[in-house]
Amino acid sequence: MVVLKQIFASDCDPDAITFSTLISGLCREGRVQEAERLLREAIRREVNPNLFSYTSLIHGFCIRGQVMDASNLLMEMMERGYTPDVVTFGALIHGLVVAGQVSEALLVREKMTARQLLPDANIYNVLISGLCKKHMLPAARNLLAEMLEQNVHPDKFVYTTLIDGFIRNESLDEARKVFEFMEQKGVRLDVVGYNAMIKGYCQFGMLDEAIVCMNNMRKVRCIPDEFTYSTLITGY
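For the structure given in this document, a descriptive report is provided here. Since the model is a prediction, treat every value here as computed from it, not as a measurement.

**What to know about the overall build of the protein chain**
At step 1: The helix and strand tally for the protein chain stands at 14 helices and 0 strands.
At step 2: The order of α-helices and β-strands along the protein chain, N terminus first, is α-α-α-α-α-α-α-α-α-α-α-α-α-α.
At step 3: Here the C-alpha radius of gyration of the protein chain, 23 Å, is well above what a compact globule of 236 residues would show, namely 18 Å.
At step 4: Structurally, the protein chain occupies a C-alpha span of about 75 × 35 × 25 Å along its principal axes.
At step 5: Long-range contacts, defined as pairs at least 24 residues apart, comprise 57% of the intrachain contacts of the protein chain with a sequence gap of at least 6.

**Overview of the packing of helix 6 (residues 86-98) against helix 7 (residues 102-114)**
At step 1: At a closest axis distance of 8 Å, the pairing of helix 6 and helix 7 adopts a crossing angle of 165 degrees. Considered as vectors, helix 6 and helix 7 are oriented roughly antiparallel to each other. Considering the relative orientation of helix 6 and helix 7, their crossing is left-handed. Across the interface between the two elements, Val86, Phe89, Leu92, Ile93, Leu96 and Val97 of helix 6 pack against Val102, Glu104, Ala105, Val108, Arg109, Lys111 and Met112 of helix 7.
At step 2: Taken together, the residues of the contact of helix 6 with helix 7 break down into 10 nonpolar, no polar and 3 charged.

**A look at unusual backbone geometry**
At step 1: With a phi close to 60 degrees, Asn151 is a non-glycine residue in the positive phi region.
At step 2: Relative to the helices and strands, Asn151 resides in the loop between helix 9 (137-149) and helix 10 (156-168).
At step 3: Relative accessible area serves as the criterion here: at 55%, Asn151 is assigned to the exposed category.
At step 4: Of note, the phi angle at Glu170 is positive, near 60 degrees, even though the residue is not glycine.
At step 5: Topologically, Glu170 is positioned in the loop between helix 10 and helix 11 (172-184).

**Topic: the pattern of salt bridges**
At step 1: In the structure shown here, the tally under the stated rule is 11 salt bridges.
At step 2: With a shortest N-O distance of 2.8 Å, Glu76 and Arg40 are connected by a salt bridge. Of this pair, Glu76 sits in helix 5 (residues 67-79) while Arg40 sits in helix 3 (residues 32-44), and the two are 36 residues apart along the sequence.
At step 3: Overall, the relative accessible area of 17% leaves Glu76 in the buried class.
At step 4: Classification of Arg40 by relative accessible area gives partly exposed; the value is 33%.
At step 5: A cluster of three or more residues bridged by salt bridges with shared partners is formed by Glu29, Arg31 and Glu34.

Here is what the cut-offs are and how they apply
By convention here, each chain's residues receive numbers from 1 onward along its written sequence. Where totals are concerned, whole chains, interfaces and linings use all residues; where local detail is concerned, this predicted model gives features only for residues with pLDDT of at least 70, and gives and counts side-chain atom pairs only at 80 or more. Each side-chain value is derived from all of the structure's non-hydrogen atoms; neither hydrogens nor water enter the calculation. Per the convention used, a helix needs a DSSP run of H or I reaching at least four residues, while a strand needs a run of E reaching at least two, with both numbered from the N terminus. Throughout, radius of gyration means the C-alpha value; the globule benchmark is 2.2 Å times the number of residues raised to the power 0.38. A contact between two residues is defined here by any heavy atoms of the two lying within 4.5 Å. Only the stretch in contact is used when fitting a helix axis, every axis being a line fitted to C-alpha atoms; angles between N-to-C directions are given from 0 to 180 degrees. Small angles under 35 degrees read as roughly parallel and large ones over 145 as roughly antiparallel, with 65 to 115 read as roughly perpendicular and the rest as oblique. A clockwise turn of the near helix away from the far one marks a right-handed crossing, whereas an anticlockwise turn of less than a right angle marks a left-handed crossing. Think of it as three bins: nonpolar holds Ala, Val, Leu, Ile, Met, Phe, Trp, Tyr, Cys and Pro, charged holds Asp, Glu, Lys and Arg, and polar takes everything else, Gly as well. Here the term buried applies to any residue with accessible area under 20% of the maximum for its type, exposed to any over 50%, and partly exposed to those in between, with areas from a 1.4 Å probe on protein chains only. Any carboxyl oxygen of Asp or Glu within 4 Å of a side-chain nitrogen of Lys or Arg constitutes a salt bridge here.

What follows is the structure, encoded as structure tokens:
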């Protein structure tokens, strides 16, 4: 705020880019309340904040867990005629999922698609992860199908999240389907993904399958770790 006072004192009129730069800098430092006051000052001076200013603030509020403030800011920017982009929507969706408000995050995604904006891989990843944590596995699986239909390629994180989610829900067959589908698509899991599948086999007393899975890890040069072996030992 000292810099802004110096600008005002020098009779310079800060423009939208100046305000945007300062708002972004304050948000990066975690000084979100000051950044919002700066936004209000820009509006008071009839300097229209740009999209980047709103996106920075929405992201800043979400990091602090103030998702209601972030949601209100999104509504405000749309009322002022701004069109949120994928980054803006993504920041809010991520914040809502972290806050455990997955249903609200899905509603924000619907607003995106209504505006002909398609979620990117990061947004899908966050939503699928949130759905799995809430044990909303059919919805997570449907989101994966939608992701593939939109030609957005899931990464190993998405597949691992789904595999782990199904196993935690005692749906080994579904976990295996995801695992086999991932292999068909040529996506190579890391040790975390293989461990999730091995844990599932051991949980259901399928030790032979667990050992085969570990051997397959080695074939693709994925080295078993301490968790892999401790899971197998526990399974016995």
